[in-house]
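# Close look at the chain arrangement
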Amino acid sequence: MSSPAISHYLRQNGYSTTVSIEQRIKESKLQGKSPMIIIDLMYYDQLEGYLMRTSTEVKMSDLCGISRMRLQKLERFVANMKSWGGELIFITNGPYFDTSGQIIPDEDDSKGSSKDWRYELQCAIIDYMNNDHYSKAAEDARFIPIERIWTESVTKIARRYGRILCAWDNTRHQEIVKFASVNDALAIISKNFAVLMYSGLSFPRYKLWSLVNCSEESMTTDEFDPLAIRRSLRFSTKQMRLLAALSDRYYATPTFLNFAERMKFNQHFRNAFSNLVCYIRKTAGNLQELDYLKIARDLFGEEKYIEKFEEFKTVCESYDINKITLSTEQNNDSVNVQLKKQDSFNYDIYHGIKFTFSITFVDYRYWAQHEVDIYEVCMGLYRRISGVILQHKKDPTLMRYVNIKRNHDDPYSTVELEPEYPEGIYVPSLESIFSNADEPSKIVPDFNIRLLEFITGMNLDRSALEFFWTTDQRSQLQDSLTLRYMVKINMMDTFEADIFQLGIQRCRREAPQPHPLPDNINLRAFHLYFTYIKMRALMKHSFYGAGLDDTFMDECYLDGVLFQNMFQKWHKTGITDEFREAVAPFKHFRLH
């Protein structure tokens, strides 16, 4: 069920309290406890209800790209909690579940493809900007869907101030509530209200701090107590888990909509949760088999409830904290340890887990007009990365699968990914490739570079690369090679790549600061910027596949508004002496 519906019900019934985060942390310390705070990393960038922002100026900035000022605000929020003595644990998705952290009940009961919906929304916004001023597009759009481009930056912030854990064996929310319960956490910071409905033999003592109502300026938030809510509702532990199943797993599916119609629910979001509470209040508190059967019949109807009964009961029981086992370091050999330290992409490839190609404002139509096939660009890299990762499995029939769009007109679909194995290159075992991952040195083995050349299809000048790892600039190799790759496949020319490099260097050397919004959006700069974000991610996968560690990669420093302004300025003047003078100090970073 939508968080606004649950939130509205809880607030209307007095279940929330505005609290000082500093005070809560200090109270916990006075009680002799370690004030552990679990943060839902998947949505941490939506602090203060960022997706519900209404300011046209903020949305205009979003249409330019990442805001360094926004990232500074996110960092200050966690830095404050850390300085007061909070122990911060960030939990994110592992490879087994989709990006919402939810299990779709079955294929016939799908919530639809969120990826297709997002792509269509993005294209509609782009079309709007083609025909009207970008301020009008920002004003009329409910939100600008750029939250996924913050991933690398918020992850870096999380590593700086706390620990990151992945939900390898559970959904993200199962991992969050189990970890919070086992470790007697002070609070969970999340926007998902289902964390209030998990229960076991006893209710967890953690509190939910509403992510969207957290304030970085005042360091206050709305607090919800799961035990107090359960007592006020007069629900048993099983009834709370039933509430979670219906509101978290099934809500907004065709199944639930039919159920709500049969039960004569008022589906206005302000009343939907209240209707659901009244329905559950009529059920038996101890919920035996016959009770589950009756509820399953209400939910699925006469024709399907028998076949759906076991599934429904399993979903309800998945909210039982006692039945959740924390993710463990399974397959704890050296290869899996290194794969788990990376993002989940190469882990998915190694273990045959289907992954989804995710894009933000990458418009297939635009690149097709410029004779760039986005599908083939990405699949080519995927094939060669998987060839390196899988070449020691010695199985010529190995196939992997990716959920991807082939072109603008086709929806997301699952396609086969046939590994392209390196030929004429000695490829060590994965253990050898990863052997130096925890001990960065000033000398990078040649086989790592040869693998990177195979994956990217670029010949790399060893002397030019040595600059990066013999200085303290190795983290900038990701940007430099991303720009070179985009020049290689004709996504941009060298002049445009130089503008990118100037913007990157300026953002790296200056503290975050506000920049004036451009008078209008240069759509060439718009398409280049967001595609560059995606290509950086593909380069990261390529680096990992070649055995290069995190020290060769970094977050995206390039502020979107600054880049838009710089691009417009230099495209207007062309390559002047002033431009050459500005680029000259960064010649060692210029690999294109």
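Residues numbered from 1 in each chain as written. Predicted model: local features only at pLDDT ≥ 70, side-chain atom pairs only at ≥ 80, totals over all residues. Heavy atoms only, no water.

## What to know about the pattern of salt bridges
As a reminder of what qualifies: In what follows, salt bridge is the name for a side-chain nitrogen of Lys or Arg lying within 4 Å of a carboxyl oxygen of Asp or Glu. Counting from the N terminus, the helices are the DSSP runs of H or I reaching at least four residues and the strands are the DSSP runs of E reaching at least two. When a residue's accessible area, from a 1.4 Å probe over protein chains only, is under 20% of the maximum for its type it is buried; when over 50% it is exposed; and in between it is partly exposed.
In the structure shown here, the tally under the stated rule is 37 salt bridges. A salt bridge links Arg24 to Glu27; the shortest N-O distance between them is 3.3 Å. Here the residue Arg24 and the residue Glu27 both occupy positions in helix α2 (residues 21-30), the gap between them amounting to three residues, near one helical turn. Judged by its relative accessible area of 22%, Arg24 falls in the partly exposed class. One salt-bridge network, in which partners are shared between bridges, spans Glu48, Arg70, Lys73, Arg76 and Glu216.

## Topic: the nonpolar core
Heads up, the rule is: For our purposes a nonpolar core is just a set of buried Ala, Val, Leu, Ile, Met, Phe, Trp, Tyr and Cys residues, chained together by side-chain atoms within 4.5 Å. A contact between two residues is defined here by any heavy atoms of the two lying within 4.5 Å.
If you look at the biggest cluster of nonpolar residues, it comprises 145 residues, and the most contacted ones within it are Phe77, Val78, Met81, Phe357 and Tyr382. Element by element, the count of residues in this core is highest for helix α24 (residues 523-545), at twelve residues. Ignoring any residue separated from it by four or fewer positions in sequence, one finds Met81 in contact with Ile21, Ile25, Ile37, Ile39, Gly86, Leu88, Ile189 and Met219. Counting 59 residues, the second largest nonpolar core, distinct from the first, contains Tyr9, Leu287, Phe300 and Cys316.

## Digging into the sheet that holds strand β6 (residues 207-210)
Our working definition: Note on pairing: two strands pair once DSSP finds at least 2 bridges between them. In this description, a line fitted to the C-alpha atoms serves as the axis of each element, helices being fitted only across the stretch in contact, and the angle between N-to-C directions of two axes falls anywhere from 0 to 180 degrees.
Pairing in this open sheet of seven strands is mixed, and the strands run β1-β7-β6-β5-β2-β3-β4 from one edge to the other. Two strands close off the open sheet at either side, each with one partner strand: β1 (16-20) and β4 (163-167). Along the sheet, successive strands turn relative to each other by an average axial angle of 30 degrees, direction set aside. In this structure, strand β5 (residues 187-190) lies alongside β6, joined through four bridges in parallel fashion. Counted as the bridge partner of Ala187 is Lys207 from β6. Those strands touched by helix α4 (residues 68-83) are β2 (36-40), β3 (87-93) and β5, and its axis lies near 140 degrees from that of β3.

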